[in-house]
Every structure is written in structure tokens, then in C-alpha cells.
Amino acid sequence: MNDVDRKSIPASEVGHLARAVLDAVGQVVVGKRESLELVLAGILAGGHVLLEDLPGLGKTLTARSFAQALGLDFRRLQFTPDLLPADVTGSFLYDQRSGDFSFRAGPLFTNLLLADEINRTPPKTQSALLEAMQEKQVSVEGVTYRLDEPFHVLATANPIEYEGTYPLPEAQLDRFLLRVSFGYPQREEEWDVLRRRMARRREEAEIKPVVDAATLRAMQAALEDVVVEDSVGRYIVDLTAATREHPSVLVGASPRGSLALLLLSRVRAVFAGRDYVVPEDVKEVAAPALAHRITLRPEMWLRRVDPSFVVGEVLEQTPAPASGALPSYAAGRPGR
């Protein structure tokens, strides 16, 4: 995308479009605005989202609704123990008419992939997603195929049923920009779900596109203009480094965690109508961005300590900056 395209949508317009998308999805997914904002933040930040929650709480519905509202090509792939890597990426098939092998693209070739119950498939199949999630490309039989942008993976995982599951390794968890949970709805919200179902008189809920794929790419590019002042950037690094030094942690968040905080805090700033990041933006996304990247010491699991609790302690112990200086990387930029 060239400079003209990048400047075609200002940060303020990104916030307006994002709210319109959230309003559209909120017509179907009831009462989960905060969680929906996190999912959209992950998409706008160019990353992938892990939806980890109990069955029946709207994870699949959320993915389909965002695909409709964002005008994206959508595919759902049910991960099972017998799923093979070729079932994800695609494979070469022999064409009798041409006498040669031709590539048949798998469900990975889409804009928004719902990897449903990703922890129910063996690690070999899970790893088929790694290259696509990181490099936006797929290699099959020594041939590399680029994925069309935008490309995002929304994966669901059940956190309580461990029988017949394969926990995601740390390397793959680290590829997800953030982890989101929905939780049970309030009683009034659950009644609202039933009321809306009766009103539309059918099971499926259709959402009209608010934007399209090209507009989404322009929204993502516009986030590069959101300013992050040096002290806020150092605050992000301090938070991530503090997870590695916490006494309850065996392995802390990697530098990819710092990058996730940076990208997501930019989106939070745009949601708030700003073109600059403040420490509060970082605090709001710290737990979703860092908790799944932390490996606790074995004795902490026996005490039922949650990684999110560790992130909360890190936030309390790390002083937040108060500075209005311009970022050093923006020195000399026009208009700054």
C-alpha cells in the first residue's frame, strides 16, 4: 500500500468505522462489548485472536459476525484428532486431463479463518498454521504460496475439557496477538438473546457489511500514524520485562509481547478518538496481550494462580509514565 492509500483514512475515521462495525456485531452477539472490542482490536492490529471459553458462549458466532461486518471471505475449519496438515493448507492432486499435478488450495486460503477447537488436533496439524500466521504464506511440497491480505485467524479453544485435546505449545500461543474470553451473559442479556431469536424467526443472523477488505487494510495502515511517545514505549518494555522477573513465573513474555502491547494500545487510542497512546491504553490491553504468553511455576498451578493475576500484579508494581514529549522516532516528521 502506497503513501496515498495510507493517508486516505485518518485515525478519527478509523475509530468511527470501528464503532460502526462493533454496533453491527453487537446486534447479534449480545452484551459482550468489551470482549468484542478486543477481538476487533486484534484484527485492526493485523494479528490473530485466540477465543478461549466454555462451549456455547458465542465464539463461532463472533467470528462469523465479524467476517460479515468487515466484508471478508470467511471459512470455518473444525479441528479434529484425524485432521491432517494437508486438510488445512491444501495439497497437490493429479489431473488426468493435463497429466500433471495441480495445487488444490485448502481452507487456509481465505481472509478470516475460524480454527474451531484448535486444541483438539495433534501438534503436527496445529503447526500447519504457524507459517501462515507469521509469514502470511503457505509452503506445500517445496512450493510457496502467498496468502491474500487481509488474513486473520480466529481460533477457539475449550479450557476445561482436557480429554482428547493437545494443548497449544508456547511457540504457537505466542503467535496469537491476544487471548479473549467472553464468560456467561447476565440474565437480562440472555433473555435478550432469546427475544432477538424469536423476532427474526430463523436461526441464522445476517449482518450487512459495514466495510470491505480494502477499507480494512486502509484502517490497519492508518494506525501507523498513531503516535507512541518514548516514555510510553519504555513503559511497554518495562511491563513485559517485569513478567520475566516475577517470582511466580517460570517463563515470561517474549519481545513479541511488547509488540502486541504496542499494536493493541494504538487501536485502543483510536477507539478513544485519539491519535496518540497514553498509559491507560496499555493497561487496558495488558492482560489479554500478555497472560497467554506466561508460563507459571508448577507450584503456582497447584495454588490455582492465574496468569492474568500475575499481569495485574505487574501493572500495580510498574510505575506508569506522565510525559507529553514527542517520540524520538517522529523527530523530523512533517507536521510534528
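Quick caveat: nothing in here was measured; it's all calculated off a predicted structure.

*Asks:* Give me the overall build of the chain: which residues, what numbers.
*Replies:* Assigned secondary structure in the chain consists of 15 helices and eleven strands. Here the C-alpha atoms of the chain give a radius of gyration of 21 Å, agreeing with the 20 Å that 2.2 N^0.38 yields for 336 residues. Dimensions of the chain, computed from the C-alpha atoms along their principal axes, are close to 65 × 55 × 50 Å. Counting every position in the chain, which comprises 336 residues, the buried fraction comes to 49%.

*Asks:* Give me the environment of Pro81: which residues, what numbers.
*Replies:* Within the secondary structure, Pro81 sits in the loop between β2 (74-78) and α5 (85-89). In sequence terms Pro81 and Met198 are 117 residues apart; their C-alpha atoms lie 36 Å from each other. Contact partners of Pro81, with chain neighbours within four places excluded, come to Arg120, Thr121 and Pro122.

*Asks:* Can you lay out the sheet that holds strand β1 (residues 49-52) for me, pointing to particular residues and giving the numbers?
*Replies:* An order of β2-β5-β8-β1-β9 is seen for the five strands of this open sheet, with the pairing classed as parallel. The open sheet has two edge strands with one neighbour each: β2 and β9 (178-180). On average, adjacent strands in this sheet sit at an angle of 20 degrees to one another, irrespective of strand direction. Direction of pairing for β1 relative to β9: parallel, over a ladder of three bridges. Its bridge partner lying in β9, Val49 is registered against Leu178. Packing against the sheet, helix α3 (residues 33-44) makes contact with β1, β8 (152-157) and β9, and its axis sits at approximately 155 degrees to β9.

*Asks:* Outline the confidence of the model for the chain, listing residues and values.
*Replies:* Here the chain averages 88 in pLDDT, while 92% of its residues score no lower than 70. Taken as a whole, residues 1-7 scores under 50 in pLDDT and shows nine contacts with residues more than four places along the chain or in a different chain.

*Asks:* Mind laying out a nonpolar patch on the surface, listing which residues take part and the relevant values?
*Replies:* There is a patch of nonpolar side chains on the surface, built from Trp191, Val193, Leu194 and Met198 and spanning about 410 Å² of accessible area. Structurally, Val193 can be placed in helix α9 (residues 187-200).

*Asks:* So what about the nonpolar core? Which residues, and what values?
*Replies:* The tendency in soluble globular proteins is for nonpolar side chains to be buried side by side. If you look at the biggest cluster of nonpolar residues, it comprises 73 residues, and the most contacted ones within it are Leu40, Leu44, Phe66, Leu70 and Leu261. The leading source of residues in this core is helix α2 (residues 11-26), at eight residues. In this structure Leu44 touches Ala18, Leu216, Met219, Gln220, Leu223, Val267 and Phe271, once residues within four positions along its chain are discounted. One finds Leu77, Phe79, Leu83 and Met133 within the second-largest nonpolar core, a separate group that totals 24 residues.

*Asks:* Lay out α3 with the relevant residues and their values.
*Replies:* In an α-helix, one turn spans 3.6 residues; hence positions three or four apart end up facing the same way. Look at α3: 16 Å from first C-alpha to last across twelve residues, which is about the 16 Å you get at 1.5 Å a residue. Those residues of α3 that sit buried are Ser35, Leu36, Glu37, Leu38, Val39, Leu40, Ala41, Gly42, Ile43 and Leu44.

*Asks:* An account of the packing of α2 against helix α10 (residues 213-222) is requested, with residue identities and associated values reported.
*Replies:* Where α2 contacts α10, the axes come no closer than 9 Å and their chain directions differ by 130 degrees. One element, α2, and the other, α10, form an angle in the oblique class. In this structure, the crossing between α2 and α10 has a hand that is left-handed. From α2, Val14, Leu17 and Ala18 reach across to α10, where they touch Thr215, Met219 and Ala222. Here the contact of α2 with α10 is built from residues that sort into five nonpolar, one polar and no charged.

*Asks:* Let's hear about the pattern of salt bridges: which residues, and what values?
*Replies:* Enumeration according to the criterion identifies 15 salt bridges in this entry. Note that Glu117 and Arg120 form a salt bridge whose closest N and O atoms lie 3.1 Å from each other. Asp174 is the salt-bridge partner of Arg256, the closest N and O atoms lying 2.9 Å from each other. One end of the pair, Arg256, is in helix α12 (residues 255-271); the other, Asp174, is in the loop between α8 (170-173) and β9, with 82 residues separating them in the sequence. Its relative accessible area of 29% is what places Arg256 among the partly exposed residues. Here the residues in one salt-bridge network are Asp23, Arg33, Glu37, Arg268 and Glu284, joined through shared partners.

*Asks:* So, helix α4 (residues 59-69): which residues are in play, and what are the values?
*Replies:* The buried fraction of α4 amounts to eight of the eleven residues, a majority that puts the element mostly inside the structure. Just past α4, the residue Gly71 takes up positive phi, approximately 65 degrees.

*Asks:* Talk me through the packing of aromatic side chains; I want residue IDs and the actual numbers.
*Replies:* Inspection of the entire model under this criterion finds five aromatic pairs. With a centroid separation of 4.2 Å and an interplanar angle of 10 degrees, the aromatic rings of Phe103 and Tyr145 are classed as stacked. Here the residue Phe103 occupies a position in strand β4 (residues 100-105), and Tyr145 occupies one in strand β7 (residues 143-146), the gap between them amounting to 42 residues. On the basis of relative accessible area, Phe103 is assigned to the partly exposed category, the value being 22%. Linked through ring pairs, Phe92, Phe103, Phe109 and Tyr145 together constitute an aromatic cluster. Just above the ring of Tyr276 sits the side chain of Arg274; from NZ or CZ to the centre is 5.6 Å.

*Asks:* Would you mind going over the packing of helix α11 (residues 230-245) against helix α13 (residues 279-290) in detail, with residue names and values included?
*Replies:* At a minimum axis separation of 11 Å, α11 and α13 run at an interaxial angle of 30 degrees. When the axis of α11 is compared with that of α13, the two are roughly parallel. The two elements α11 and α13 cross, and the hand of that crossing is right-handed. Across the interface between the two elements, Val232, Tyr235, Ile236, Leu239, Thr240 and Thr243 from α11 touch Pro279, Val282, Lys283 and Leu290 from α13. A per-class count over the contact of α11 with α13 returns seven nonpolar, two polar and one charged.

Rules behind the numbers
- Residues numbered from 1 in each chain as written.
- Predicted model: local features only at pLDDT ≥ 70, side-chain atom pairs only at ≥ 80, totals over all residues.
- Heavy atoms only, no water.
- Helix = DSSP H or I, 4+ residues; strand = E, 2+ residues; numbered from the N terminus.
- Rg over C-alpha atoms; globule rule 2.2 N^0.38 Å.
- Buried < 20%, exposed > 50% of the residue type's maximum accessible area, 1.4 Å probe, protein only.
- Contact = heavy atoms within 4.5 Å.
- Pairing = 2+ DSSP bridges.
- Axes fitted to C-alpha atoms, helices over the stretch in contact; angles between N-to-C directions.
- pLDDT = per-residue confidence, 0-100.
- Patch = residues over 30% accessible without salt bridge, like charges linked within 9 Å, V, L, I, M, F, W, Y side chains within 5 Å.
- Areas by Shrake-Rupley, 256 points an atom, 1.4 Å probe, with all protein chains shown as cover.
- Salt bridge = Lys/Arg side-chain N within 4 Å of Asp/Glu carboxyl O.
- Core = buried A, V, L, I, M, F, W, Y, C linked by side-chain atoms within 4.5 Å.
- Expected span 1.5 Å × (residues − 1).
- Parallel < 35°, antiparallel > 145°, perpendicular 65-115°, else oblique.
- Left-handed = near helix turned anticlockwise from the far one by under 90°.
- Nonpolar A, V, L, I, M, F, W, Y, C, P; charged D, E, K, R; others polar.
- Phe/Tyr/Trp six-rings, centres within 6.5 Å; stacked < 30°, edge-to-face > 60°.
- Lys NZ or Arg CZ within 6 Å of the ring centre and 35° of its normal.

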